[in-house]
Amino acid sequence: MKIIIVEYNMYSKSNYARLGVELLTQKGYDVRLWDLTSIAKPIYFNNYTLPAHQVLPQEVRDKIIFIQKRDHFHDLVKGLTNDDIVIVPSNLNTVFSYAVEIFTLYNIRFGTYLLTTFLGINCKLTLFQLVKSHLRNPISSFKKIIFKFYNKHRLPVWAPEFILVGGEEESQRVASFSTSDSFPHVIKAHTFDYDTYLREENYNRDRIIKGKEYAVFIDEYLTQYDCQDFVESQTSPVITAEEYYPSLNKLFEYIENQFNLEVIVAAHPLSNYDKSSNPYNNRKMICHETINLVKHSTLVLTHNSTSLCFAVLYYKPMVFLAHKAFSNPLKNLRIQLIAKYFGVTPIELSNNNRYFNPLPMVDSDTYDRYKFTWIKEKGTKEKYIWDIFSDYLKK
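Note that the structure is predicted; figures quoted are calculated from it, not measured. Chains are numbered independently. Their residues run from 1 in the order of the written sequence. Only residues with pLDDT of at least 70 are given local features in this predicted model, and only at 80 or more are side-chain atom pairs given and counted; all residues enter the totals for whole chains, interfaces and linings. The side-chain figures draw on all heavy atoms in the structure; neither hydrogens nor water molecules are used.

Under the scheme used here, helices are H or I runs from DSSP no shorter than 4 residues and strands are E runs no shorter than 2 residues, and both carry numbers assigned from the N terminus. Along its length, the protein carries 19 helices and 13 strands. Burial status across the protein gives 51% buried among its 395 residues. Considering only intrachain contacts with a sequence separation of at least 6, the fraction spanning at least 24 residues in the protein is 76%. Only the protein chains shown count as cover for residues, and all accessible areas are computed by the Shrake-Rupley method using a 1.4 Å probe. Accessible area of the protein: about 19400 Å², with a carbon and sulfur share of 50%. Only protein chains enter the accessibility calculation, which uses a 1.4 Å probe; a residue whose area is less than 20% of its type maximum is buried, one above 50% is exposed, and one in between is partly exposed. The contact criterion used throughout is that any non-hydrogen atoms of two residues lie within 4.5 Å.

Here it is, written out as structure tokens:
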């Protein structure tokens, strides 16, 4: 049996690690990697460059098949057998529907995963907010409307054989992947971030920051034009550096003086700060260590990063940060809704003297409810995702 893992966002160190390539290989499976980025997302492929710290070693890149033409993809799929299985991203049908057509044509077994910590707590914009959002980038908005119409009327049937799911909320979404005569097998696992949590607990690593209490800010790389999301959508960042960093640094200074906590920045894993000076007034910025920084912190500062799940799993107090200068109205709305979920009010960063005191409390019941709803269902296995998937293949 061959296991084909398909990616269309460029293989980076981060997605390579979370997709379980080495674990499945160690279990004896013949794992193949296909990269569809150049034909599935040509604008993104031609304009985005991975940060140097995310580029895979050459010996790993040599094993990836970079597919640049549809005919090449067609021939690769045609060469598969009924014993082989393909793992694809959950929105492949909308991003590159041709792949689903070819899988179906040759009766290839394929499945997908819903394993990202989902922060889609119902967000509905007012009419004014909706208009403002579209005016931010009218060309991009028009394309999305046309594409949505196309999706509804022209896309092929999307019927994966299996779906790996995380929390209870993700299990509810499985119905959207079914047809009148096909319902995918549900493999109950947990989110990719919970795999990170299991590794952190199993390895029992020392703390990165030694000997003192600190607060950690979960960076989202919101002001940079080379951010992956902005390159793909051809939009500008949601806020300028001139509006963003001074207000953040003022809050950090307040926390350091009021609570005697150093503020450490957990840099976004796709950030590229090495190209510019430190925008956080030379505070420590550490990349690829978010979970360790959160685990040993006293306080977690976040907008609405999915990494807040680490604060949930370690029962850390959280402060949510909004900014009226965010040009995308959905950003602040989502921050407000997630803060409301935890029973707190977000800090408006533009109000430079309205912060908080004392430190926020942790409601363990709310944290547990969030865990089981969005991260991991009750009673599911405490095993790595791809161990659980291997168990499914053996049945």
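Now, onward.
Turning our eyes to something else, we now look at unusual backbone geometry. At Asn204, a residue that is not glycine, the phi angle is positive and equals roughly 50 degrees. Structurally, the position occupied by Asn204 is in the loop between helix H12 (192-203) and strand S8 (214-218). The class for Asn204 is exposed, based on a relative accessible area of 58%. Even without a glycine there, the phi angle at His288 is positive, about 70 degrees. With respect to the helices, strands and loops of the structure, His288 is situated in the loop between strand S10 (285-287) and helix H15 (290-295). Accessibility expressed as a relative area gives 41% for His288, which makes it partly exposed.

Tracing the backbone shows Thr223 in the loop between S8 and helix H13 (228-233). For Thr223, a relative accessible area of 8% puts it in the buried group. Excluding residues that lie within four positions of it along the chain, Thr223 makes contacts with Pro237, Ile239, Thr240, Ala241, Tyr244 and Tyr245.

The next thing to look at is the pairing of strand S9 (residues 262-267). Extensive coverage of S9 is indicated by the burial of five of its six residues. Two strands are said to pair when DSSP picks up at least two bridges between them. Strand direction decides the pairing type here: S8 and S9, joined by five bridges, are parallel. Pairing of Phe217 across the sheet is with Val265, part of S9. Note: S9 against S10, three bridges, orientation parallel. For Ala267, the partnering residue across the bridge sits in S10 and is Cys287.

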